[in-house]
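# Observations on the model geometry
Spelled out from the first residue to the last, the chains are:
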Amino acid sequence: MDWASGLLAAGTASASGLNLYATVLTLGLCQRQGWIELPSQWQVLGEFWVLAVAGVLFLVEFVVDKIPYADNLWDAVHTFIRVPAGAVLMATAFAEVDPSLRVVAGLLGGGLALTTHGAKSSARLAVNTSPEPFSNILLSLAEDGITIALLALAASHPWMAAAVLGMVLAVSLLLLYLFFRFTRALFSRLRSWVGRSGRKSVPAA
């Protein structure tokens, strides 16, 4: 396992958190066309049946991802798909190293996928508070573009991909932090409102 393959694995795990099916489809098509040489454990991604399933699911996600609130439900369900997939992809890329390092790689891959998935889900919840659908559509297209661009860079220009990945993760962590702050403030206001309502409902002695 060289450093370029390691960066490709990290980029793949991170991209899985944004759009798993676009990730599998992009890697599989690149492998099938001979544009990149995937790790031996990933070469199954170039099989026709894998590409067909990934293509169908990508089309479904492409549509659902642009419908307000349907995308939130889709993201909630895919918390249990994207994150494990990122862990599995990362771990299998390190299949030829020491088993303990493979476990670490799997944990790292799951963490990367969770970070980007969490940022995507948080941003979607915020955007869906807007009454117009266009920001949702633009954000969805941007996520698809980032997924494909990150994988293309990881395959052709690993160090450039490392810089882009670092920025993506930094932005993801910032979004998660802002969402945490917003959620904490919201619950604090709700508790305050419930407390005031409770005191008003108690009759005076």
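## Structural notes on the overall build of the protein chain
Per the secondary structure count, the protein chain includes six helices and zero strands. For the protein chain, the sequential pattern of α-helices and β-strands runs α-α-α-α-α-α. Oriented by its inertia axes, the alpha-carbon framework of the protein chain measures out at about 80 × 40 × 30 Å. Counting across all 205 residues of the protein chain, residues that qualify as buried make up 42%. When contacts within the protein chain are restricted to residue pairs at least 6 apart in sequence, long-range pairs at least 24 apart make up 68% of them. Summing over all exposed atoms, the protein chain offers an accessible surface of approximately 11,300 Å²; the carbon and sulfur share of this is 76%. Across the protein chain, the centroid of the 13 positively charged side chains sits 21 Å from that of the 12 negatively charged ones.

## Some remarks on the side chain of Thr 147
Looking at the secondary structure, you find Thr 147 in helix 5 (residues 134–156). Residue classification places Thr 147 among the buried residues on the basis of a relative accessible area of 0%. Contact partners of Thr 147, with chain neighbours within four places excluded, come to Ala 15, Leu 18, Asn 19, Ala 22 and Thr 23.

## Looking at the nonpolar core
Taken as a class, soluble globular proteins show a tendency for nonpolar side chains to be buried jointly. Ranked by internal contacts, the top residues of the largest apolar core, which has 36 residues, are Leu 27, Leu 38, Trp 42, Leu 45 and Met 90. Sorting the residues of this core by element identifies helix 1 (3–33), helix 2 (48–64), helix 3 (70–93), helix 4 (99–127), helix 5 and helix 6 (158–201) as the ones contributing at least two each. Not counting residues up to four positions away in its chain, the partners in contact with Leu 45 are Val 24, Leu 27, Gly 28, Leu 38, Val 50 and Leu 51.

## Section: the packing of aromatic side chains
Each aromatic ring pair is specified by the distance between its two centres and by the angle formed by the two planes. Per the stated rule, a full pass over the model turns up one aromatic pair. Above the ring of Phe 62, the side-chain terminus of Lys 66 is found at 3.6 Å from the ring centroid.

## Overview of the packing of helix 3 against helix 4
Remark: helix 3 packs on helix 4, axes separated minimally by 6 Å, with the N-to-C direction vectors making an angle of 160°. What the angle tells us is that helix 3 and helix 4 run roughly antiparallel. For the pair helix 3 and helix 4, the sense of crossing is right-handed. Tallied by class, residues from the contact of helix 3 with helix 4 come to nine nonpolar, nine polar and six charged.

## Examining the pattern of salt bridges
This structure, assessed with the given rule, holds eight salt bridges. When the shortest N-O distance is used, the salt bridge between Arg 82 and Asp 75 registers 2.9 Å. Grouping residues by exposure puts Arg 82 and Asp 75 together as buried. With a shortest N-O distance of 2.6 Å, Glu 143 and Lys 120 are connected by a salt bridge. Here the residue Glu 143 occupies a position in helix 5, and Lys 120 occupies one in helix 4, the gap between them amounting to 23 residues.

## Section: the packing of helix 2 against helix 3
Two elements in contact, helix 2 and helix 3, have axes whose closest approach is 10 Å; the angle formed by their N-to-C orientations is 140°. In terms of orientation, helix 2 and helix 3 fall into the oblique class. Contact residues: helix 2 offers Val 60, Glu 61 and Val 64, while helix 3 offers Ala 70, Asp 71, Trp 74, His 78 and Arg 82. Considered class by class, the residues forming the contact of helix 2 with helix 3 number four nonpolar, one polar and three charged.

## Brief notes about the confidence of the model for the protein chain
Mean pLDDT over the protein chain works out to 87, with 92% of the residues at or above the 70 mark. By mean pLDDT, the top-scoring element of the protein chain is helix 2 (96), and the lowest-scoring one is helix 6 (79).

## What about the side chain of Asn 72?
Its location among the elements puts Asn 72 in helix 3. We classify Asn 72 as buried; its relative accessible area is 16%. A polar side-chain atom of Asn 72 sits 2.8 Å from a polar atom in the side chain of Asn 128. Those residues in contact with Asn 72 that lie beyond four places of it in its chain are Arg 124, Leu 125 and Asn 128.

Quick notes on the rules
- Residues numbered from 1 in each chain as written.
- Predicted model: local features only at pLDDT ≥ 70, side-chain atom pairs only at ≥ 80, totals over all residues.
- Heavy atoms only, no water.
- Helix = DSSP H or I, 4+ residues; strand = E, 2+ residues; numbered from the N terminus.
- Buried < 20%, exposed > 50% of the residue type's maximum accessible area, 1.4 Å probe, protein only.
- Contact = heavy atoms within 4.5 Å.
- Areas by Shrake-Rupley, 256 points an atom, 1.4 Å probe, with all protein chains shown as cover.
- Lys, Arg positive; Asp, Glu negative; His and termini not counted.
- Charge placed at Lys NZ, Arg CZ, Asp CG, Glu CD.
- Core = buried A, V, L, I, M, F, W, Y, C linked by side-chain atoms within 4.5 Å.
- Phe/Tyr/Trp six-rings, centres within 6.5 Å; stacked < 30°, edge-to-face > 60°.
- Lys NZ or Arg CZ within 6 Å of the ring centre and 35° of its normal.
- Axes fitted to C-alpha atoms, helices over the stretch in contact; angles between N-to-C directions.
- Parallel < 35°, antiparallel > 145°, perpendicular 65-115°, else oblique.
- Left-handed = near helix turned anticlockwise from the far one by under 90°.
- Nonpolar A, V, L, I, M, F, W, Y, C, P; charged D, E, K, R; others polar.
- Salt bridge = Lys/Arg side-chain N within 4 Å of Asp/Glu carboxyl O.
- pLDDT = per-residue confidence, 0-100.
- Polar contact = N/O pair within 3.5 Å; in protein donor to acceptor, adjacent residues only side chain to side chain.

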